[in-house]
Amino acid sequence: MKQGGLICICLVLVSLLCVPVFAQPNTKSVETILIDNFDDPDAKDWVWDVSASRSIHVEKDSNGDVIAAKSYPQFGYAEGIPNSLRAYRTAADGTPFVLGAQVSYDRKGDNWFEVYPADRDTGAVYEIPLMGQVSQIDFWTWGANYLYYLEVIIRDAYGTVHVLPATTMNFEGWRNIIVQIPTYIRQQSKLRSGPENLTFIGFRVRADANEYADDFAIYFDQLRYTTYTMNFIYDGYELRKPNFAAQEESGK
């Protein structure tokens, strides 16, 4: 009797092991996608821009015209790269660049500025689409040991904007920052209008109310995100938006 019971248990275990597992995702489709390494400003559909709060320092001449060289925010590209990334570059990659911004305010208080992508042709705000089920956004940033707070701004698939805390900038030099995407942020929507994916809006930097406000600089490099790219893909995904009129015009 005991032997027969043991045989039955073994058969049940074997049958369970033979049942295919359908719920496990394919780990091969999880990948890290580069948004921008800032080495070639002309390589993307967007350009980077900056805006700041009202107390940003602006210097004018006797005629009331703004003196650009002495006004803020200052913004542009600088030659450089975090030391940890130098080993991955070759001579064929050319000169590395990073994206930087410098601000100076007329007073302490609620000071902030944003670094964001803009449409190359119109200058309008451009939101970078992030494909798949995004788990994290990571990048390198350079700090000057100021008590400023860095945040990442994204928009979910229902159009809601989320501001995610990234790091406090009270460190010196380069640091790799990883921002986890909370699971409550909806990345897929059944709505007929609005964004189809999570989108990256930009960076926001806020000054502590008691921190020095007369000079602050920050740099960015290697902006990337990690995503499960096959999460929303199904058999026949390419047919989700029919366009029969275009097919008739082409004679098909």
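Nothing here was measured: the structure is a model prediction, and the numbers come from that model. (Residues numbered from 1 in each chain as written. Predicted model: local features only at pLDDT ≥ 70, side-chain atom pairs only at ≥ 80, totals over all residues. Heavy atoms only, no water.)

J.: What's the story with the overall build of the chain in this structure? I'm lost.
T.: Within the chain, the secondary structure is distributed over 3 helices and 12 strands. Taking contacts inside the chain between residues at least 6 apart in sequence as the whole, the part at least 24 apart equals 76%. Approximately 15700 Å² of the chain is accessible, and the part contributed by carbon and sulfur atoms is 52%. (Helix = DSSP H or I, 4+ residues; strand = E, 2+ residues; numbered from the N terminus. Contact = heavy atoms within 4.5 Å. Areas by Shrake-Rupley, 256 points an atom, 1.4 Å probe, with all protein chains shown as cover.)

J.: Please explain the pattern of salt bridges as it appears in this structure.
T.: Opposite charge on two side chains permits them to pair, given that their charged atoms come into close proximity. Overall, the coordinates contain 6 salt bridges when judged by the stated rule. We note a salt bridge from Arg155 to Glu127, for which the minimum N-O separation is 2.8 Å. Remark: Glu127 occurs in the loop between strand S5 (112–119) and strand S6 (128–130) and Arg155 occurs in strand S8 (residues 148–155); sequence separation between them is 28 residues. Overall, the relative accessible area of 24% leaves Glu127 in the partly exposed class. (Salt bridge = Lys/Arg side-chain N within 4 Å of Asp/Glu carboxyl O. Buried < 20%, exposed > 50% of the residue type's maximum accessible area, 1.4 Å probe, protein only.)

J.: Just to check I follow, could you spell out the packing of aromatic side chains for this structure?
T.: We describe a pair of aromatic rings using the distance from one ring centre to the other and the angle between the two ring planes. Considering all chains together, one arrives at 12 aromatic pairs under this definition. Summarising the aromatic geometry, the rings of Phe200 and Phe203 are spaced 5.3 Å apart at their centres and angled 70° between planes, so their arrangement reads as edge-to-face. Residue class for Phe203 comes out buried when judged on its relative accessible area of 2%. Each residue in the set Phe38, Trp48, Phe139, Phe200, Phe203 and Phe220 is aromatic and connected to the rest through ring pairs, giving one cluster. Geometry around Tyr212 places Lys108 over its ring, the cationic atom sitting 5.2 Å from the centre. Against the face of Tyr158 rests Arg186, its NZ or CZ located 3.8 Å from the ring centre. (Phe/Tyr/Trp six-rings, centres within 6.5 Å; stacked < 30°, edge-to-face > 60°. Lys NZ or Arg CZ within 6 Å of the ring centre and 35° of its normal.)

J.: Just checking my understanding: could you explain the environment of Ile56 for this structure?
T.: With respect to the element layout, Ile56 can be found in the loop between strand S2 (46–52) and strand S3 (74–79). Ile56 sits in the buried class, given a relative accessible area of 11%. Sequence spacing of Ile56 and Ser71 is 15 residues, and the spatial spacing of their C-alpha atoms is 8.4 Å. Ignoring anything within four residues of it in the chain, the contact list for Ile56 reads Tyr72, Pro73, Val103, Ser104, Tyr105 and Asp106.

J.: What's the story with the nonpolar core in this structure? I'm lost.
T.: Soluble, globular proteins show a tendency: their nonpolar side chains are buried together. Ranked by size, the top nonpolar core spans 41 residues in total, and within it Phe113, Ile137 and Phe139 carry the most contacts. Contacts of Phe113, omitting those with residues within four sequence positions, involve Val50, Ser51, Ala52, Ala101, Val103, Tyr105, Phe203, Arg204, Val205, Phe216 and Ile218. (Core = buried A, V, L, I, M, F, W, Y, C linked by side-chain atoms within 4.5 Å.)

J.: Help me out: how do you make sense of unusual backbone geometry in this one?
T.: Generally, phi is negative for residues other than glycine and the peptide bonds are trans, each holding for most cases. Between Tyr72 and the following residue, Pro73, the backbone shows a cis peptide bond with an omega angle of 5°. The phi torsion at Phe38 lies on the positive side, around 65°, for a residue other than glycine. Mapped onto the fold, Phe38 is located in the loop between strand S1 (30–36) and S2. Positive phi, close to 50°, is recorded for Gln222, a residue that is not glycine.

J.: Would you explain the side chain of Asp39 in this entry?
T.: Relative to the assigned elements, Asp39 resides in the loop between S1 and S2. According to the relative accessible area criterion, Asp39 is buried, its value standing at 19%. At 2.9 Å, the side chain of Asp39 and the side chain of Arg89 are in polar contact. One polar contact links the side chain of Asp39 to the main-chain amide nitrogen of Phe97, over a distance of 2.9 Å. Not counting residues up to four positions away in its chain, the partners in contact with Asp39 are Arg89, Thr95, Pro96 and Phe97. (Polar contact = N/O pair within 3.5 Å; in protein donor to acceptor, adjacent residues only side chain to side chain.)

J.: Could you clarify how one ought to interpret the pairing of strand S12 (residues 216–228) in this entry?
T.: As a general feature of sheets, a regular strand has side chains that alternate between the two faces. The buried count for S12 comes to 10 of 13 residues, which makes it a mostly enclosed element. Relative to S12, S1 runs antiparallel, the two sharing 6 bridges. When the bridges of S12 are listed, Leu34 appears paired with Arg224. Relative to S12, strand S4 (residues 97–103) is paired through 5 bridges, and the arrangement is antiparallel. (Pairing = 2+ DSSP bridges.)

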